[in-house]
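# Structure assessment
Listed here are the chains, written in short residue letters.
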Amino acid sequence: MSDGLASFRRIVIKVGSALLVDPDTGLRREWLESLTQDVAGLHAEGREVLLVSSGAIALGRSILKLSRGPLKLEESQAAAAVGQIALSRAYSEALGAHGIEAGQILLTLGDTEERRRYLNARATVGTLLGFGAVPVINENDTVATTEIRYGDNDRLAARVAAMMSADLLVLLSDIDGLYTAPPAQDPNATHIPLVELITPQIEAMAGGAASLLSRGGMKTKIDAGKIATGAGAAMIITSGQRLHPLDAVRRGERATLFQAAADPVRSRKRWIAGHLNTSGRLHVDAGAVQALHAGKSLLPAGVKRVDGDFRRGDTILVLDETGAEIARGLVSYDASDARLIAGLRSAEIEERLGQGVRAAMIHRDDLVVGRNWQDEGVLRDAG
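Residues numbered from 1 in each chain as written. Predicted model: local features only at pLDDT ≥ 70, side-chain atom pairs only at ≥ 80, totals over all residues. Heavy atoms only, no water.

## Overview of the overall build of the protein chain
Put simply, the rule is: Helix numbers and strand numbers start at the N terminus; a helix is a DSSP run of H or I with at least 4 residues, a strand a run of E with at least 2. Remark: exposure states derive from per-residue accessible area (1.4 Å probe, protein chains only) relative to the maximum for the residue type, with buried under 20%, exposed over 50%, and partly exposed in between. Any two residues having at least one pair of non-hydrogen atoms within 4.5 Å are treated as being in contact. Calculation of accessible area relied on Shrake-Rupley with a 1.4 Å probe; when residues are assessed, cover is drawn exclusively from the protein chains displayed.
Each helix and strand in the protein chain was counted, giving 15 helices and 18 strands. Here the protein chain holds 383 residues, and 53% of them are scored as buried. If you take every contact in the protein chain between residues at least 6 apart in sequence, the share linking residues at least 24 apart comes to 73%. Looking at the protein chain as shown, the accessible area adds up to about 16,500 Å², and 49% of this sits on carbon and sulfur atoms.

Dropping the structure here:
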């Protein structure tokens with residue numbers, strides 16, 4: 001049987017809390033050792049492996065013997081502080097048994113949403129890979145608040161895959177792939193082995209959060225798929241509940257493969273496309289939509305309405321007349337000025353704002369146009 005990972009050189013693997021931590025007994029050490037043995041096998045073949053691991057809060061609450069149920073923010077952060085040390089030690093020991101160094105990277109949302117911090121994070125992770133280490137990446141739950149969270153490690157893993165130009169993102173889940181409907185609710189649901197394109201029909205198959213310890217469900221995995229495949233990485237969803245889950249993928253056991261986009265965006269536009277937080281919206285007319293798909297900049301003349309409170313350089317959405325997202329990019333004007341010039345032509349803009357104004361509301365170099373980005377998750381480089 002062919003190796004399901006054979007064609008991929010740089011692989012991001014996402015590990016969920018429910019796989020790594022038992023709420024009653026704590027760390028699932030045997031499972032972790034089987035995973036790192038799989039990672040060591042890939043590493044020995046010259047592959048670069050990055051781990052995006054949940055589990056700090058779950059492990060910390062087990063160590064602190066906190067009761068089940070929702071935690072207050074400060075309790076979650078305290079649990080993360082305790083759990084992160086234990087989690088890092090566990091990975092270091094498990095990888096170290098195979099002669100591999102682990103490097104801990106803790107990210108907050110701003111580390112991938114702000115360009116300078118994004119580049120710094122990419123350089124740090126890239127240097128670790130160059131040293132032959134395995135980066136172990138997690139959201140910095142000790143400081144992140146609800147307003148500045150990724151929200152789930154599926155999307156964090158997709159952002160990491162995009163940031164690091166990975167070939168493959170593997171989401172280890174409690175289910176062995178995508179089904180036509182949530183199989184726990186529909187006994188007639190059938191498994192889908194290959195997704196060539198994330199369409200509205202594919203999104204409709206996703207359900208909600210899967211367990212007590214997980215923040216996401218199949219929906220967040222589909223969201224992750226949009227980010228990863230648009231950046232040129234394939235994505236695999238497979239069961240992580242068995243031992244040696246990566247070897248299972250290599251043997252061809254059941255999984256769902258999401259194909260990478262045929263025309264992934266370049267590095268800067270990959271960062272723009274993957275933004276999880278956007279600051280506003282521009283509603284544009286049909287002529288502007290046509291111009292954007294032709295690779296043009298977005299001009300103020302095509303803007304019909306401006307929503308939100310944003311500053312120049314913020315990432316905002318571009319919506320067509322039906323309200324569907326067709327693009328996103330870095331806006332050239334503050335929201336107040338954008339409202340003043342919406343619908344105006346260049347000469348009128350100079351009259352309204354004065355000399356030295358920028359011709360484009362969003363320049364083509366700062367714009368990512370999607371073929372139904374929101375619906376299909378496939379991005380096109382407009383530049």
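## What to know about the nonpolar core
Side chains of a nonpolar character, in soluble globular proteins, are inclined to be buried together. Rules: Only buried residues count toward a nonpolar core, which is a set of Ala, Val, Leu, Ile, Met, Phe, Trp, Tyr and Cys residues joined through side-chain atoms within 4.5 Å.
Ranked by internal contacts, the top residues of the largest apolar core, which has 51 residues, are Val12, Leu50, Val160, Leu169, Leu178, Ile222 and Phe258. With 7 residues, helix α7 (residues 153–163) is the largest single contributor of residues to this core. Leu19, Leu32, Leu87 and Ala90 belong to the second-largest nonpolar core, a separate cluster that totals 37 residues.

## Looking at the environment of Thr220
Positionally, Thr220 belongs in helix α9 (residues 218–230). Residue classification places Thr220 among the buried positions, given a relative accessible area of 13%. With sequence-adjacent residues up to four places away left out, Thr220 is seen in contact with Asp152, Asp154 and Arg155.

## Concerning the pattern of salt bridges
Put simply, the rule is: In the sections that follow, a salt bridge refers to a side-chain nitrogen of Lys or Arg positioned within 4 Å of a carboxyl oxygen of Asp or Glu.
Enumeration according to the criterion identifies 17 salt bridges in this entry. The partner of Glu45 in a salt bridge is Arg47, and the shortest N-O contact between them spans 3.1 Å. Residue Arg47 is classed as buried on the basis of its relative accessible area of 11%. Across the pair Arg305 and Asp307 runs a salt bridge whose closest N-O atoms are separated by 3.2 Å. Residue Arg305 is classed as partly exposed on the basis of its relative accessible area of 44%. When salt bridges with common partners are traced through the structure, they connect Arg9, Arg10 and Glu48 into a single cluster.

## A closer look at the pairing of strand β4 (residues 48–53)
Inclusion rule: A pair of strands counts as paired when DSSP detects no fewer than two bridges linking them.
Of all 6 residues in β4, 6 are buried; the element is thus mostly enclosed. Residues Glu48, Leu50 and Val52 of β4 are buried on one face, and the alternating residues Val49, Leu51 and Ser53, pointing to the opposite face, are buried as well. Pairing analysis gives 6 bridges linking strand β1 (residues 10–15) to β4, with the strands arranged parallel. Of the residues in β4, the one forming a bridge with Ile11 is Val49. As judged from the 2 bridges shared by β4 and strand β6 (residues 134–139), these two strands associate in the parallel manner. Across the sheet, Leu51 pairs through a bridge with Val136, a residue of β6.

## Describing the side chain of His283
The line we're drawing: Here a polar contact means two N or O atoms within 3.5 Å. Within protein one must be a hydrogen donor candidate and the other an acceptor candidate, and residues neighboring in sequence count only if both atoms are side-chain atoms.
By secondary structure assignment, the location of His283 is in strand β13 (residues 280–284). A distance of 2.7 Å separates polar atoms of two side chains, one belonging to His283 and the other to Asp307. When residues no more than four places from it in sequence are discounted, the contact partners of His283 are Gly302, Val303, Lys304, Arg305, Asp307 and Leu319.

## Re the packing of helix α2 (residues 29–44) against helix α4 (residues 73–96)
Stated precisely, the cut-off is as follows: Axis definition: a line fit to C-alpha positions, over the contact stretch in the case of helices; interaxial angles, taken between N-to-C directions, run 0 to 180 degrees. Just so you know how the angles are binned, under 35 degrees is roughly parallel, over 145 roughly antiparallel, 65 to 115 roughly perpendicular, and the rest oblique. Throughout, a crossing is termed right-handed when the near helix is turned clockwise from the far one, and left-handed when it is turned anticlockwise from it by less than a right angle. Three residue categories are used. Nonpolar comprises Ala, Val, Leu, Ile, Met, Phe, Trp, Tyr, Cys and Pro, charged comprises Asp, Glu, Lys and Arg, and polar comprises the others, including Gly.
Relative orientation of the contacting elements α2 and α4 amounts to 50 degrees, with a least axis distance of 9 Å. Looking at the two axes, α2 sits oblique to α4. By crossing handedness, the relation of α2 to α4 is classed as right-handed. In this structure, α2 contributes Arg29, Leu32, Thr36 and Val39 to the contact, and α4 contributes Ala90, Tyr91, Glu93, Ala94 and Leu95. Of the residues in the contact of α2 with α4, the class split is 6 nonpolar, 1 polar and 2 charged.

## A look at the sheet that holds β4
Spatial strand order, β5-β6-β4-β1-β7-β11-β12-β10: 8 strands in an open sheet with mixed pairing. At either end of the open sheet lies a strand with only one pairing partner, and these are β5 (102–107) and β10 (194–195). Sheet topology note: the strand β11 (residues 234–239)/strand β12 (residues 255–258) ladder contains 4 bridges and is antiparallel. Bridged to Met235 within β12 is Phe258. Packed onto the sheet, helix α6 (residues 115–130) meets β1, β4, β5 and β6 and runs at close to 170 degrees relative to β5.

## Comments concerning the side chain of Ser173
In this structure, Ser173 sits in strand β7 (residues 168–173). Looking at Ser173, its side chain comes within polar contact range of the main-chain nitrogen of Ile175, at 3.3 Å. In contact with Ser173, other than residues within four places in its own chain, are Leu19, Lys221, Ile237, Thr238, Ser239, Gly240 and Gln241.

## Re the confidence of the model for the protein chain
The following threshold applies: Confidence of the predictor at the level of single residues is given by pLDDT, which spans 0 to 100.
Residues of the protein chain with pLDDT of at least 70 account for 89%, and the chain-wide mean is 85. Counting contacts from residues 208–215, a segment whose pLDDT is below 50, to residues more than four positions away or on other chains yields 21 contacts. Between residues 371–383, whose pLDDT stays under 50, and residues either more than four places distant or in other chains, the model counts 55 contacts.

## Here we look at the pairing of β11
For β11, the tally of buried residues reaches 6 of 6 residues, placing the bulk of the element in the interior. Neither face of β11 is left uncovered, since the one carrying Ala234, Ile236 and Thr238 and the one carrying Met235, Ile237 and Ser239 both have all their residues buried.

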